[in-house]
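# Chains, contacts and geometry: an overview
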Amino acid sequence: MTTGVRPRRRGPDPRAVRSSLIALVSTIIVFGGLGWIIVHAPGWPEVQASFFNRAVFEEALPGLLEAFVVNIELFMAAEVLVLGLGLVLAVMRGLPGPVFLPVRVMSNVYTDIFRAIPGVLVIFVLGFGIPGLGLVDPRTDQRLFGILALTLVYSAYVSEVYRAGIESIHPSQEAAARSLGLSRLQALRYVIVPQAVRRVIPPLLNDFIGLQKDTVLVSFIGVVEIFRFSQIESAATYNFTPYVAVALVFIVVTVPLIHVVDWLAGRSRAGARPRAAATPPRVGVL
Amino acid sequence: MSAVEASPVAAEALRIEGLHKSFGTLEVLRGIDLVVAEHEVVCLIGASGSGKSTLLRCINLLETIDAGRIVVEGEEITADGVSLDRVRRRIGIVFQAFNLFPHMSVLENVTLAPHKVLKTPRREADADATELLARFGLSDKRDELPDRLSGGQQQRVAIVRALAMKPDILLLDEVTSALDPELVAEVLNVIRELAAAGMTMVIATHEMGFARDIADRVCFLDAGTICEAGPPDQILNEPREPRTRQFLQRIIEAGRL
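Predicted model, so just to flag it, every value in this text is computed and none were measured.

### Thoughts on the overall build of chain B
Summing up its helical and strand segments, chain B has nine helices and 10 strands in all. For 257 residues, the compact-globule formula gives about 18 Å, and the C-alpha radius of gyration of chain B, at 18 Å, lands near that figure. Across its three principal directions, the C-alpha atoms of chain B cover 55 × 45 × 40 Å. Of all intrachain contacts in chain B linking residues separated by at least 6 positions in sequence, the fraction that spans at least 24 positions is 67%.

The following block contains the structure:
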């Protein structure tokens, strides 16, 4: 290694340029090769006509986007409810002492059951079962049952996320709050939950990506949202392109959200925590 | 036991009788008797694990006790049916690791309990807190988050936070042990000022020089009992108990006295 004074090189570092070039060529070979294989497959012309049909795509897209508004409604309503119910369940589960045993058991059983049942079954049971009871107006909007079902299912997951967050806050924070005369609930509300929520925002958003996609399951109880609409379009045109269009819509909406989550998660790892929890956050596992 | 009793003329702030506390099979406190008079400063010294912190945590009921009784200003706080939250308002505690609330500004840390527990109106609580912060040289830190402060400043904020509840007794649990050496003095000076103002305090500390300075009485804890108690000069210079002597010998060897 010479240490003599050298004129600073102009332009980009040749080594960086070289590795970028290698990356580029390697990417072109891999994806280009895959593309070439698909396009030259014996059945490609038929596949292209029935899955990637431009005319059908352009015809279907406006209607699909209109139907997607229903998905957004389902998602937004369920998300707000999930945030509330999930927190209530998590707090119920953390209440101490023998008096609150029934409350803890209720919360436990709830999260067990709703994480065990496939979401689509909950949607079915509620969507067809509740109107069947005859207690509500049979013309009640099916979307409401969809929102209810999604809320019940996702609250079970989200409560576990909240619980992990609450348990990650060091007990000394509660000791400090209680030593000042705050009740347990006050300590939770003003000291523990605000810190816990900040820590679990990335995993919370992760669950919301799942919720956003699962809104299509509500189509099974007769709600015409984007997936149901694409089925109708597909049946009308004898073509699968509308499904591909749905996939594209979800990619466009979800991928940016996924990257926001990754960015937030990276930032919270990098962010200096003045007093990290002595015990690593436990993820609820049963 | 006469050394443990406070002088009979002063009013009693705190009386502890036969206090026992175990964690599982580990008996941490094995019969503590201690009386603290109003305006008295008692320093607890002893090796790590001798029970100093546990004793303090028992006094404000952060730990449940197994046997014995604790009486604060004439009221038995270990009796059945006593509201923990009400007891803790009257007994402040400051921890070794500060335990400030990291998501709140200094002002919010100090006003949370007065506002939510004592129901002091927001404006009044803010004014009281601002005055207290000024008194301890923290005015310019009022709106900072705790992690922007030095350890010494954080610990002073923690003391102010405890004082904002106007406690009858202040418990200090090795409040300088987590500090860099050059930050210790600023915290000890705050405690000196409180002692001068007549605050009743029970202080667990490893700072023997400070204990000698400030304490009316020093109690040496060993294996969960108060082995020896008396005026600081007697305990630190002419300890009667062999175990006290051994402990102080180790402190001297470590260059801490």
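There's plenty left to go through after this.
### Quick notes on the interface of chain B and chain A
In this complex, chain B contributes 19 residues to the contact, which on the side of chain A involves 18 residues. A class-by-class count of the residues in the side of chain B that touches chain A yields 11 nonpolar, three polar and five charged.

### Details of the pairing of strand E10 (residues 225-230) of chain B
Inspection of the sheet shows strand E9 (residues 217-222) of chain B paired to E10 of chain B by five bridges, in the antiparallel sense. Within the sheet, the bridge partner assigned to Leu221 of chain B lies in E10 of chain B and is Ile226 of chain B.

### Some details on the sheet that holds strand E1 (residues 12-23) of chain B
All names here are of chain B. Reading across the sheet, the four strands line up as E2-E1-E4-E5 and stay open at both edges, with antiparallel pairing between neighbours. What marks the edges here is a single partner per strand, and that holds for strand E2 (26-37) and strand E5 (75-76). As paired elements, E1 and E2 share nine bridges and run antiparallel to each other. Note on E2: the bridge partner recorded for Leu14 is Val36. Contacts from helix H1 (residues 52-59) reach E1, E2 and strand E4 (67-72), with the element oriented near 65° to E2.

### Here's the deal with the sheet that holds strand E3 (residues 41-45) of chain B
Within a sheet, neighbouring strands are paired by backbone hydrogen bonds and run either parallel or antiparallel to one another. Residues and elements named next belong to chain B. Taking strand neighbours across the sheet as the criterion, the six strands line up as E6-E7-E8-E3-E9-E10 in an open arrangement whose pairing is mixed. Pairing within the sheet leaves two strands with one partner each, and these edge strands are strand E6 (91-94) and E10. In this sheet, adjacent strand axes meet at a mean angle of 20° when their direction is disregarded. Against the sheet, helix H5 (residues 151-163) engages E6 and strand E7 (169-173), with an angle of about 170° to E6.

### So, the pairing of E7 of chain B
Residues and elements named next belong to chain B. Of all five residues that make up E7, five are buried, and the element is covered over most of its length. Residues of E7 alternate between two faces, with Ile169, Leu171 and Asp173 on one and Leu170 and Leu172 on the opposite face, all of them buried. Bridge count for E6 against E7 is four bridges, and the pairing is parallel. Bridge pairing in E7 places Ile91 opposite Ile169. In this structure, E7 lies alongside strand E8 (residues 200-204), joined through five bridges in parallel fashion.

### What about helix H6 (residues 142-168) of chain A?
All names here are of chain A. Taking 1.5 Å per residue as the helical rise, H6 with its 27 residues ought to reach 39 Å, and the 39 Å between its terminal C-alpha atoms agrees with that figure. Roughly 30° is the biggest bend found in H6, and it falls at Ser155. Across the 27 residues of H6, 23 count as buried, placing the element largely inside the fold.

### Some details on the nonpolar core
One finds Leu44, Val202 and Val218 of chain B to be the most contacted residues of the largest nonpolar core, which totals 127 residues. Top element by residues in this core is H6 of chain A. It accounts for 14 residues. Among residues more than four places away in sequence, those in contact with Val202 of chain B are Val36, Val42, Leu44, Leu56, Ile59, Ile169 and Leu171 of chain B.

### Brief notes about helix H4 (residues 122-135) of chain B
Residues and elements named next belong to chain B. If you check H4, its first and last C-alpha atoms are 20 Å apart, about what 14 residues at 1.5 Å a residue would give, namely 20 Å. Looking at the packing, one finds that the buried side of H4 touches helix H3 (106-116) and H5. Looking at the residues trailing H4, positive phi occurs at Gly137, about 70°.

### So, the environment of Phe51 of chain A
Residues and elements named next belong to chain A. Structurally, Phe51 is set in helix H2 (residues 44-51). Spatially, the C-alpha atom of Phe51 lies 46 Å from that of Gly11, the residues being 40 residues apart in sequence. When neighbours within four sequence positions are excluded, Phe51 is seen to be in contact with Phe240, Thr241 and Val244.

### Focus: the packing of helix H7 (residues 171-179) of chain A against helix H8 (residues 184-214) of chain A
Residues and elements named next belong to chain A. With their axes 10 Å apart at the nearest point, H7 and H8 run at an angle of 130° to one another. Put simply, H7 runs oblique to H8. Handedness of the H7/H8 crossing: right-handed. Listed contacts from H8 to Gln173, Glu174, Ala177 and Arg178 of H7 are Ala187, Val191 and Ile192. A class-by-class count of the residues in the contact of H7 with H8 yields four nonpolar, one polar and two charged.

### Let's talk about unusual backbone geometry
Residue and element names in this part refer to chain B. The phi torsion at Lys166 lies on the positive side, around 50°, for a residue other than glycine. Residue Lys166 is classed as exposed on the basis of its 12 C-beta neighbours within 10 Å. For Ala223, which is not a glycine, the phi torsion comes out positive at approximately 50°. By the element assignment, Ala223 lies in the loop between E9 and E10.

### A look at the confidence of the model for chain A
Low pLDDT means the predicted coordinates in that region are not meant to be read closely. Summarising the model, chain A shows a mean pLDDT of 86, and 90% of its residues fall at 70 or more. For the stretch residues 272-286 of chain A, pLDDT sits under 50, and the model shows 19 contacts to residues farther than four places along the chain or on other chains.

### So, the environment of Gly266 of chain A
Within the secondary structure, Gly266 of chain A is located in helix H10 (residues 241-270). Separated by 64 residues in sequence, Gly266 of chain A and Pro202 of chain A place their C-alpha atoms 9.2 Å apart.

Reading the values: the criteria
Residues numbered from 1 in each chain as written. Chains lettered and ligands numbered in written order. Predicted model: local features only at pLDDT ≥ 70, side-chain atom pairs only at ≥ 80, totals over all residues. Helix = DSSP H or I, 4+ residues; strand = E, 2+ residues; numbered from the N terminus. Rg over C-alpha atoms; globule rule 2.2 N^0.38 Å. Contact = placed C-beta atoms within 7 Å. Nonpolar A, V, L, I, M, F, W, Y, C, P; charged D, E, K, R; others polar. Pairing = 2+ DSSP bridges. Axes fitted to C-alpha atoms, helices over the stretch in contact; angles between N-to-C directions. Buried ≥ 20, exposed ≤ 12 C-beta atoms within 10 Å, placed from the backbone. Expected span 1.5 Å × (residues − 1). Bend = angle between axes of the 7 residues up to and from the residue. Core = buried A, V, L, I, M, F, W, Y, C linked by C-beta atoms within 7 Å. Parallel < 35°, antiparallel > 145°, perpendicular 65-115°, else oblique. Left-handed = near helix turned anticlockwise from the far one by under 90°. pLDDT = per-residue confidence, 0-100.

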